[in-house]
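The chain contents come next:
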Amino acid sequence: MRYAFTTTVKDGKMEEYLHYHDHIWPEVCRGLRAAGVTQLTIFRAPNTSTLFLYVTTAGATDLGEATGPRSRYREDPKCQEWEELMDADFHGGWTALDEVHASDREWVGAL
């Protein structure tokens, strides 16, 4: 499965946010991997505080169930701390985006 989200980092917080992600806690990496996350990429719109998050999961893993509140991922105190820190200090959460086009799905009949 694939997922996309957007958020805006709070004023004056971008450099610290980037520092955290350049030094992501090992427990978070292990927890996300164990939850079925196979890829996680964050993009930044140039010269803005707008971020775009792209996540893929193994098989039919539901990202919300795998990493959301009351998930096994959040049972790890460091993973819970990380998620609370990101939401409270940096952006207030992610907004899910709707997929409107995908070459692996839409181009099948055209090629």
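Structure shown above.
From a predicted model like this one, the values you see are computed outputs, not experimental measurements.

### Some points on the state of the cysteines
Considering all chains together, one arrives at zero disulfides under this definition. With no disulfide of its own, Cys-29 lies 9.1 Å from the sulfur of Cys-79, the closest cysteine sulfur.

### Description of the side chain of Thr-7
Assignment of secondary structure puts Thr-7 in strand β1 (residues 2-8). There is a polar contact of 2.7 Å between the side chain of Thr-7 and the backbone oxygen of Gly-93. In contact with Thr-7, not counting residues within four places along its chain, are Ser-49, Thr-50, Leu-51, His-91, Gly-93 and Trp-94.

### So, the sheet that holds strand β4 (residues 95-96)
Reading across from one edge, β2-β3-β1-β4 is the order of the four strands in this open sheet, with antiparallel pairing throughout. Of all the strands in the sheet, the pair left with one neighbour each is β2 (37-44) and β4. Two strands pair when backbone bridges link them, and β2 and strand β3 (residues 50-57) are joined in this way by seven bridges, in the antiparallel orientation. Bridging across to β3, Arg-44 finds its partner in Leu-51.

### Some points on the environment of Asn-47
Looking at the element boundaries, Asn-47 is found in the loop between β2 and β3. By relative accessible area, which is 81% here, Asn-47 ends up exposed. Remark: the alpha-carbon pair of Asn-47 and Phe-5, spanning 42 residues in sequence, is separated by 19 Å.

### Re the packing of aromatic side chains
For the structure shown, the criterion picks out six aromatic pairs. An angle of 70° between the planes, with centres 5.6 Å apart, marks the rings of Tyr-20 and Phe-90 as edge-to-face. Linking Tyr-20 in helix α1 (residues 14-22) with Phe-90 in helix α5 (residues 77-91), this pair joins segments that are 70 residues apart in sequence. Consider the rings of Trp-25 and Trp-82, whose centres lie 5.1 Å apart with planes at 75°: the pair is edge-to-face. You can see Trp-25 sitting in the loop between α1 and α2 (26-34) and its partner Trp-82 sitting in helix α5, a full 57 residues away along the chain. Three or more aromatic residues joined by ring pairs form one cluster here, namely Tyr-17, Tyr-20, Trp-25, Trp-82 and Phe-90. One cation-aromatic arrangement involves Lys-13 over Phe-90; the distance from NZ or CZ to the ring centre is 5.3 Å. Over the face of the ring belonging to Trp-25 we find Lys-78, whose NZ or CZ atom lies 4.3 Å from the ring centre.

Parameters at a glance
- Numbers given for residues are sequential positions, taken from 1 along each chain in its written order.
- Reporting in this predicted model follows two pLDDT cut-offs: at least 70 for local features of residues, and 80 or more for side-chain atom pairs to be given and counted; totals over whole chains, interfaces and linings ignore these cut-offs and use all residues.
- Only heavy atoms go into the side-chain values, all of them from the structure, while hydrogens and water stay out.
- For this text, the term disulfide refers to a pair of cysteine sulfurs within 2.5 Å.
- Numbering of helices and strands runs from the N terminus, with a helix taken as a DSSP run of H or I at least four residues long and a strand as a DSSP run of E at least two residues long.
- Two N or O atoms count as a polar contact when they lie within 3.5 Å, although within protein this holds only if one can serve as hydrogen donor and the other as acceptor, and sequence-adjacent residues are included solely when both atoms are side-chain atoms.
- Contacts are residue-level and defined by heavy atoms, with any inter-residue pair within 4.5 Å sufficient.
- The rule for pairing is simple: two strands pair if DSSP sees at least two bridges between them.
- With a 1.4 Å probe rolled over the protein chains alone, any residue whose accessible area is under 20% of its type maximum counts as buried; one over 50% counts as exposed, and the rest are partly exposed.
- We call Phe, Tyr and Trp rings a pair once their centres come within 6.5 Å, taking the six-membered ring for Trp, and we label the pair stacked below 30 degrees between planes, edge-to-face above 60, and tilted otherwise.
- Lysine NZ or arginine CZ positioned within 6 Å of the ring centre and within 35 degrees of the ring normal marks a charge as sitting over the ring.

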